Amino acid sequence: MYLAGPGRANEHTNPQLIAGHDMVTFAIEPGQTLSADDALDIANILDFSRKQHGTRVQVSEREFDEARGEYVTTGKKDAHVWHASLSLKADEGELTAEKWAEIAHDFVEKMGFIDPEGVKTSRWAAFHHGASKNGNDHIHIAVQLVREDGTKADVRHDFKRAQRVSNEIEKEHGLTVLASREHEYGISGDKPAELARAQDRDSGMTERVELRRRARTCLATASSQGEYIRHLHDLGVHVQPRFAKGDRNAIVGYRLAFPSTSKESGGNGRQIWYSPSKLDRSLAWPRIEERYGDAGRAEAVALMHQIREKTVSQPLKATEVHGFSAESYEKLISGKVGPDTMANIYARLSIGLEKNAHDPLVRLSDDFSRVAWSMRGHQLPTEVLYQQRGGHHTGAQRASQQPGQGRSGGAGRLGQQWLMATQAGRRGPVKDWVSLLAQANRIARIVTETNLTRERAQLAQAMNRSLDVAEVLCRERAPRTENTVTPEKRAAQRSAQRVKELRGLMTQRETQDYAEVQDAKARSLESQTVVSKAHGELKAAKQAEVQAADRYGGLISVVRKELGSEVVQDARRGREADVKVFDAGLLSRGRAMQESDAIRRELASRWDVSVGERVKPQKQRSTNPFTSSTSEVDGLWSRWTDAVVDKHAPQRLDTPEIREAQAARDKAAEHRDQALAQVDEAKQASHQAEQRAEMLKQRHLRTAPYTYLTGAEQAELARLEGRRDPKQYQAPQQAQGPRPGVGSTRDQGAGYEG
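Residues numbered from 1 in each chain as written. Predicted model: local features only at pLDDT ≥ 70, side-chain atom pairs only at ≥ 80, totals over all residues. Heavy atoms only, no water.

**Here's the deal with the overall build of the chain**
So, step 1. In terms of helices and strands, the chain carries 27 helices and eight strands.
So, step 2. Per-residue burial over the chain gives 41% buried out of 754 residues.
So, step 3. Contacts spanning at least 24 positions in sequence make up 67% of the contacts within the chain whose residues lie at least 6 apart.
So, step 4. A total of about 42,500 Å² of accessible surface is found on the chain, and carbon and sulfur atoms cover 50% of it. (Helix = DSSP H or I, 4+ residues; strand = E, 2+ residues; numbered from the N terminus. Buried < 20%, exposed > 50% of the residue type's maximum accessible area, 1.4 Å probe, protein only. Contact = heavy atoms within 4.5 Å. Areas by Shrake-Rupley, 256 points an atom, 1.4 Å probe, with all protein chains shown as cover.)

Pasting the structure below:
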């Protein structure tokens, strides 16, 4: 019902069955909009094997025991449905229903749910209902874990198997291969329950993301194992140790959590614990020991024992955010820094500059952690380290340099300036962090452009986007100079401001155009919903018409049956009297005819229908019953019976109940005709809406960015940016005539049409 319904955020705009087990696709035709009845039919088909064999598939139900500090099993719950979703990135566009059907079948088959012989096959169904609320084209797959022979399907290690199968399908069907899976540098994502809790708290980050950021921050600020634990407490993070069996001086793991919120303060009183290795593999305790060696080991063990024995209380809130450790600071300023340290540095910079927002510095911290894990054992090239320490600038940085700014100003010089300014007390804390952020961005850009672009193209692209935003943040918070502005510089600033205004205008118009496309698409989806609703009303109208007709026919049948029963009784008396006349001898025939005539007169008077002439007995009787005079007598009275029913039935049918049933039948037929007309009207409107949405979509795809400016605005922007006027070099393209498209008159170079 969920997969065929509107979804949690009404994102299921057009739920359709696209593929499934043969029994499913035989009962429900793929490609049509699903109704609630269709969903129940599919569910019953999927559930057939389980109900037939009585097989139960269950898993343990667990809850957190605050007294014991761990999860405990509280019972069992049914788990006979296996559910998975296959999704594309928003920028990959959409796939056809046929392509999704192939992918769904390959996925289910590779997961082992389809048996070539059919005996151990699990029934399944795949659904498609438009893009998610984030714009990702996706499908859902539901599998019955009770197979055709009553055995249970194997779902051990299903997550790893699904990742492997997805990787194979991406390559076989020419889809974008997920680099994080390909190179094994994924970071655990947020779960729906965590996102819901973050929304309830009105927080920009989930507990998972914030714990990861604070733990990395402590790695950037601490110089030993013990200091790392103390810094976690200073940031308001609860720590729970795990010691080796039989050795209370060997820490083998730990857990992290935030303080629980009481019910009086709007929380539920529960505390959610996370394993650091699940947040980020570099946060596992063995990695902590590798990072710090023996430094602070005894302090860490003693502190962990005090935490376990509750002689040291867990913090109620964050009390202090420490600065960079000497080691982290020296690595950043000298440029001798690897991806792992960069992840921790960006986490600390995020707390200092972004506060509680999930902005580019947090994303860069995650990206560098992915780089560190995917490149474990891989050292950065010597030339990269040299560029980090020297005065190397990337192309983007050279373009952003002010006139007169030279190639000097490397990491070493920046570090000296920063130290001197700090010691002189001439810098505020925000300016200090901005200087460090500028150095971190510079190193990150070098690493991305010189190394990752070759080996991790997808990750490098994402990091470049985050770095663009981080550099904007750095410029916005950079200290303002108090020097006198020269006329040339003022003119340059005005030109830069005008360029910004024109590009902003271009972006605004492009956004408006895109919004128009999205609005048309939404209207198209709404029209499809109207069509679906009209179909539902037509189906209900047809059912009501059938019910009204059945009721009317039933009443007619009852009346005719009761009338026929009375007439048949009288007809039987007349027939028996005529047969006696036919069989009587010469002496008794007169009396028999008198009795027959009396009955005939009585029946004709009662029903006001005369009886036909009596059949005369023959001299020699026939032995054939079908040609005998007796059968002629039967035919005579049968015809009389029909005549009586035909005459009296209309009178008996003219009752209030029958008239009401007839009126209801006619009204239902009229409602059906109206519903049919509404379906036709809705289909026509939906077709027009789809055509308009497609036309606007094609126009938007074919429109170049500069086309969102007028001709004069294009020329002005080209002059300010030192480019040629577009009108001067687009004449050959215009001479070729307009490009083919759907109702689009706005081509590149034509100028914004208002």
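**A look at the packing of helix α9 (residues 225–234) against helix α12 (residues 297–308)**
So, step 1. Interaxial distance between α9 and α12 falls to 6 Å at its minimum, and their mutual angle equals 40°. By the angle class used here, α9 and α12 are oblique. Contact with α9, carried on its side by Q225, G226, E227, I229, R230 and H233, involves R297, E299, A300, L303, M304 and I307 of α12 and no other residues of that element.
So, step 2. Classifying every residue of the contact of α9 with α12 by side-chain character gives five nonpolar, three polar and four charged. (Axes fitted to C-alpha atoms, helices over the stretch in contact; angles between N-to-C directions. Parallel < 35°, antiparallel > 145°, perpendicular 65-115°, else oblique. Nonpolar A, V, L, I, M, F, W, Y, C, P; charged D, E, K, R; others polar.)

**Observations concerning the pattern of salt bridges**
So, step 1. Throughout the structure, instances matching the rule amount to 40 salt bridges.
So, step 2. A salt bridge links R216 to D366; the nearest nitrogen and oxygen atoms lie 2.7 Å apart. On the criterion of sequence distance, the pair formed by R216 in helix α8 (residues 207–221) and D366 in helix α15 (residues 360–374) is long-range, its members being 150 residues apart.
So, step 3. Measuring nitrogen to oxygen at the nearest pair gives 3.4 Å for the salt bridge that ties E327 to K331. In this pair, E327 and K331 both sit in helix α13 (residues 326–334), four residues apart, roughly one turn of the helix.
So, step 4. Among the residues examined, K331 registers a relative accessible area of 24% and is labelled partly exposed. (Salt bridge = Lys/Arg side-chain N within 4 Å of Asp/Glu carboxyl O.)

**Some words on the nonpolar core**
So, step 1. Formed by 29 residues in total, the largest nonpolar core has its most connected members in Y346, L349 and L361.
So, step 2. For this core, the secondary-structure elements that each account for two or more residues are α13, α14 (339–353), α15, α19 (429–455) and α20 (457–476).
So, step 3. For this core, the element with the most residues is α19, which contributes eight residues.
So, step 4. Apart from the residues lying within four places of it in its own chain, the contact partners of Y346 are L361, L364, S365, F368, L437, A440, N441, A444 and L467.
So, step 5. Counting residues in each nonpolar core, the second largest holds 28 residues, with V237, F243, I272 and L279 among its members. (Core = buried A, V, L, I, M, F, W, Y, C linked by side-chain atoms within 4.5 Å.)

**Observations concerning helix α22 (residues 589–607)**
So, step 1. Helix length check: α22 (19 residues) gives 27 Å between terminal C-alpha atoms against 27 Å at 1.5 Å per residue, within 8%.
So, step 2. Along α22, the positions that sit buried rather than exposed are A592, S596, I599, R600, L603 and W607. Projected down its long axis, α22 shows its buried positions confined to an angular sector of 105°, all on one face. Turned more than 90 degrees away from the buried face of α22, the exposed residues are R591, Q594, R601 and S605.
So, step 3. Among the residues trailing α22, D608 stands out with phi positive, at a value near 60°. (Expected span 1.5 Å × (residues − 1). Arc of directions from axis to C-beta.)

**Quick word on the sheet that holds strand β5 (residues 124–131)**
So, step 1. Pairing within the open sheet is antiparallel, and its four strands lie in the order β1-β5-β6-β4. In this open sheet, the two strands that pair with only one neighbour each are β1 (16–20) and β4 (81–87). Shown here is a sheet whose adjacent strand axes are inclined to one another by a mean of 25°, direction ignored.
So, step 2. Relative to the sheet, helix α4 (residues 97–110) contacts β1, β4, β5 and β6 (137–144), its axis offset from that of β6 by approximately 40°. (Pairing = 2+ DSSP bridges.)

**Quick look at the pairing of β6**
So, step 1. Within β6, eight of the eight residues are buried, which leaves the element mostly enclosed by the surrounding structure.
So, step 2. Neither face of β6 is open: one carries D137, I139, I141 and V143, the other H138, H140, A142 and Q144, and all of them are buried.
So, step 3. Summarising the sheet, β4 and β6 pair through seven bridges and their orientation is antiparallel. Residue pairing in the sheet places V81 in a bridge with Q144 of β6.

**Points about unusual backbone geometry**
So, step 1. Even without being glycine, H157 reaches a positive phi, approximately 55°.
So, step 2. The exposed category is assigned to H157, whose relative accessible area is 63%.
So, step 3. Not every positive phi belongs to a glycine, and D608 is a case in point at roughly 60°.
So, step 4. As for its placement among the helices and strands, D608 is situated in the loop between α22 and α23 (629–653).

**Section: the environment of A125**
So, step 1. Note that A125 resides in strand β5.
So, step 2. On a C-alpha basis, the gap between A125 and V108 in space is 9.7 Å, while along the polypeptide they are 17 residues apart.
So, step 3. Setting aside anything within four residues of it in sequence, one finds A125 in contact with L17, A19, G20, V24, I42, L46, H140, I141 and A142.

**Focus: the packing of aromatic side chains**
So, step 1. Per the counting criterion, the structure on display carries five aromatic pairs.
So, step 2. Taken together, a centroid distance of 5.4 Å and an interplanar angle of 75° make the contact between Y254 and W285 edge-to-face. Remark: W285 occurs in helix α11 (residues 285–292) and Y254 occurs in strand β8 (residues 247–257); sequence separation between them is 31 residues.
So, step 3. The buried category is assigned to W285, whose relative accessible area is 2%.
So, step 4. Ring centres 5.4 Å apart and planes at 75° place the aromatic pair W637 and W640 in the edge-to-face group. On the criterion of helical spacing, the pair formed by W637 and W640 is a turn pair, its members being three residues apart in helix α23. (Phe/Tyr/Trp six-rings, centres within 6.5 Å; stacked < 30°, edge-to-face > 60°.)

**Thoughts on the confidence of the model for the chain**
So, step 1. With 76% of its residues at a pLDDT of at least 70, the chain reaches an overall mean of 77.
So, step 2. Taken together, the stretch residues 377–430 has pLDDT below 50 and engages in 77 contacts with residues farther than four places along the chain or on a different chain.
So, step 3. Scored below 50 in pLDDT, residues 622–627 shows five contacts in the model against residues more than four places distant or in partner chains. (pLDDT = per-residue confidence, 0-100.)

**Quick look at the environment of P315**
So, step 1. Inspection of the secondary structure assignment puts P315 in the loop between α12 and α13.
So, step 2. For P315, a relative accessible area of 13% puts it in the buried group.
So, step 3. In sequence terms P315 and L232 are 83 residues apart; their C-alpha atoms lie 9.4 Å from each other.

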